[in-house]
Amino acid sequence: MSGAPGKSRKDRARAIEGFAAELRALRASAGTPSFREMAGRSRAISHTTLHEAAQGNRLPSWATTVEFVKTCGADPEAYRERWEAANRLVRTAGAAGQQPLTAPAPAERGEAGPAGQEPAPTGVAAALDPGDPRAGDQGTHDQEAPDPHAQDRDGPRQSGEIVRISGPAVPYVVEHGPAQRFARSRRRYVALGALAAAIAAAAVIGDSLLPDATGNTAARRPVSSAGPVITSSDCPVKQQNPPQSAPAHEGDRAVFVADVTLPDCTRVRRGAKAEKVWRFKNTGAVAWRGYSLHRIDLPQRRDQCQTIVDVPVPDTPPGGVVDIRTQVTAPPGPAFCFVRFKMLDGNGEVAFPGNRPVNFQLIVG
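Throughout what follows, the structure given in this document is the object of discussion. Just so we're clear, the structure is a prediction, and the values are computed from it rather than from any experiment.

### A look at the overall build of the protein
Regarding its fold elements, the protein presents eight helices and 10 strands. Residues classed as buried in the protein amount to 40% of the 365 residues present. Accessible surface, the protein: about 18,800 Å² in total, of which carbon and sulfur atoms supply 54%.

### Details of the state of the cysteines
On inspection of all chains with the given rule, the structure shows two disulfides. Through a disulfide, Cys235 is tied to Cys265; the S-S separation comes to 2.1 Å. Across the disulfide from Cys235 to Cys265, rotation about the S-S bond amounts to roughly -110°, and the bridge is consequently left-handed. Taken as a pair, Cys235 in the loop between helix H8 (179–208) and strand S3 (254–259) and Cys265 in the loop between S3 and strand S4 (266–268) lie far apart in primary sequence, 30 residues in all. Between the sulfur atoms of Cys305 and its disulfide partner Cys337 the distance amounts to 2.1 Å. Every disulfide takes its handedness from the sign of the S-S torsion; for Cys305 and Cys337 that torsion is 85°, giving right-handed. Here Cys305, found in the loop between strand S6 (292–295) and strand S7 (310–312), pairs with Cys337, found in strand S9 (residues 335–344); they are 32 residues apart in sequence, far enough to count as distant. For the pair shown, Cys305 and Cys337 are each scored as buried. Described in terms of the sequence order of its bonded cysteines, the disulfide pattern of the protein is 1-2, 3-4.

### Let's talk about the pattern of salt bridges
As enumerated under the stated definition, the model contains 14 salt bridges in all. With a shortest N-O distance of 2.4 Å, Asp11 and Arg14 are connected by a salt bridge. Of this pair, Asp11 and Arg14 both sit in helix H1 (residues 4–29), three residues apart, which is roughly one turn of that helix. Taking relative accessible area as the criterion, Asp11 reaches 23% and is therefore assigned partly exposed. Across the salt bridge formed by Glu67 and Lys70, the nearest N and O atoms sit 3.6 Å from each other. With Glu67 and Lys70 both in helix H4 (residues 62–71), this residue pair falls three residues apart, about one helical turn.

### Focus: helix H5 (residues 77–93)
With 17 residues, H5 should cover 24 Å at 1.5 Å per step; its first-to-last C-alpha distance of 25 Å lies within 8% of that length. Within H5, burial applies to Tyr79, Arg80, Trp83, Glu84, Ala86, Asn87, Val90, Arg91 and Ala93.

### Thoughts on the environment of Ser29
By the element assignment, Ser29 lies in helix H1. Using a relative accessible area of 44% as the deciding quantity, one classes Ser29 as partly exposed. C-alpha separation for the pair Ser29 and Ala246, spaced 217 residues apart in sequence, amounts to 8.2 Å. Polar contacts involving the side chain of Ser29 include one to the main-chain carbonyl oxygen of Leu26, which spans 2.6 Å.

### Focus on the nonpolar core
Residues Trp288, Leu293, Ile324 and Phe360 are the most contacted members of the largest nonpolar core, which totals 27 residues. Among the secondary structure elements, those contributing two or more residues to this core are strand S5 (273–282), strand S8 (321–329), S9 and strand S10 (358–364). A total of five residues in this core trace back to one element, the largest contributor, which is S9. Sequence-distant contacts of Ile324, that is, excluding residues within four places in its chain, are made with Lys276, Val277, Trp278, Phe280, Leu293, Val311, Pro312, Val313 and Met343. Core analysis: the next-biggest nonpolar cluster, separate from the first, contains 23 residues, Ile16, Phe19, Ala39 and Val90 among them.

Conventions we followed
Residues numbered from 1 in each chain as written. Predicted model: local features only at pLDDT ≥ 70, side-chain atom pairs only at ≥ 80, totals over all residues. Heavy atoms only, no water. Helix = DSSP H or I, 4+ residues; strand = E, 2+ residues; numbered from the N terminus. Buried < 20%, exposed > 50% of the residue type's maximum accessible area, 1.4 Å probe, protein only. Areas by Shrake-Rupley, 256 points an atom, 1.4 Å probe, with all protein chains shown as cover. Disulfide = S-S within 2.5 Å. Salt bridge = Lys/Arg side-chain N within 4 Å of Asp/Glu carboxyl O. Expected span 1.5 Å × (residues − 1). Polar contact = N/O pair within 3.5 Å; in protein donor to acceptor, adjacent residues only side chain to side chain. Core = buried A, V, L, I, M, F, W, Y, C linked by side-chain atoms within 4.5 Å. Contact = heavy atoms within 4.5 Å.

This is a description of form; function is not addressed.
Listed below in structure tokens is the structure:
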């Protein structure tokens, strides 16, 4: 056999990794938000799908690319040509006779589907982003281990080759024969993988809702290598500074002045309602019009303090001081509420990606 197939596979891998590198660079320029935070901004795609898009294992669908770029505050149209170029290389290096997928025109894409769902790709688009885990949250980590077998998953197979599908590590052998045989086998193992992931997610969620020694259910978060469990004894929680990043608008700058109400570690009654007020000063040269504080700890659970998702910021000229207010409803049981927000500009972009999130910290008893 000649070296052409090997070269095609390398070209395909380079195209996929090159596009993934651009998505990673975009995310870094937005302050490296967690994939869960990005999914919360999108409200149309899961954090695991966003994570997979940046790994370089497969080319994400155009719909996934659109959501990824939007959550980083950039224009998807700026990435259309690069995505289509990568897609042409991927399809040319893939199975013979398969036509490249073109990104839908803006008027054809439509809006996202029902809440929590990404617009479903059609035709060969489905092959670009297989194993979408939206059917169930597959764990509690923002970062997931990449699939070492995923890189050439969509390429041609040789008779007798052992293949692993994402999900359970169950091998099967590809045989020459009707295409339906391979498709049925693939669907079967993908379905088994989704079932196993759903069972694992249920176990994690069940453990996270078990009360701790004080009966504080909200203080119990799924433990991961990302950091320790946060409880009321940790209050006040000190946040790390994100990577340095320029504001969305040159010359824009915000300074936190004070917690006017509900300072850190304030104790409130179960089920109580209170008003949280932050005071900020616009120390830059850009007027704040249509700005808001967007809650990034989503979705809100019943055992957490409840707020509106987007808290409006009154229009503020340069040099002005503004009080930002939101109603907070404490959960019905004992809890530690550590709730974070990021300031968005009038276009819905993160205004200050290099700043720490605004937050409030309440002890509910």
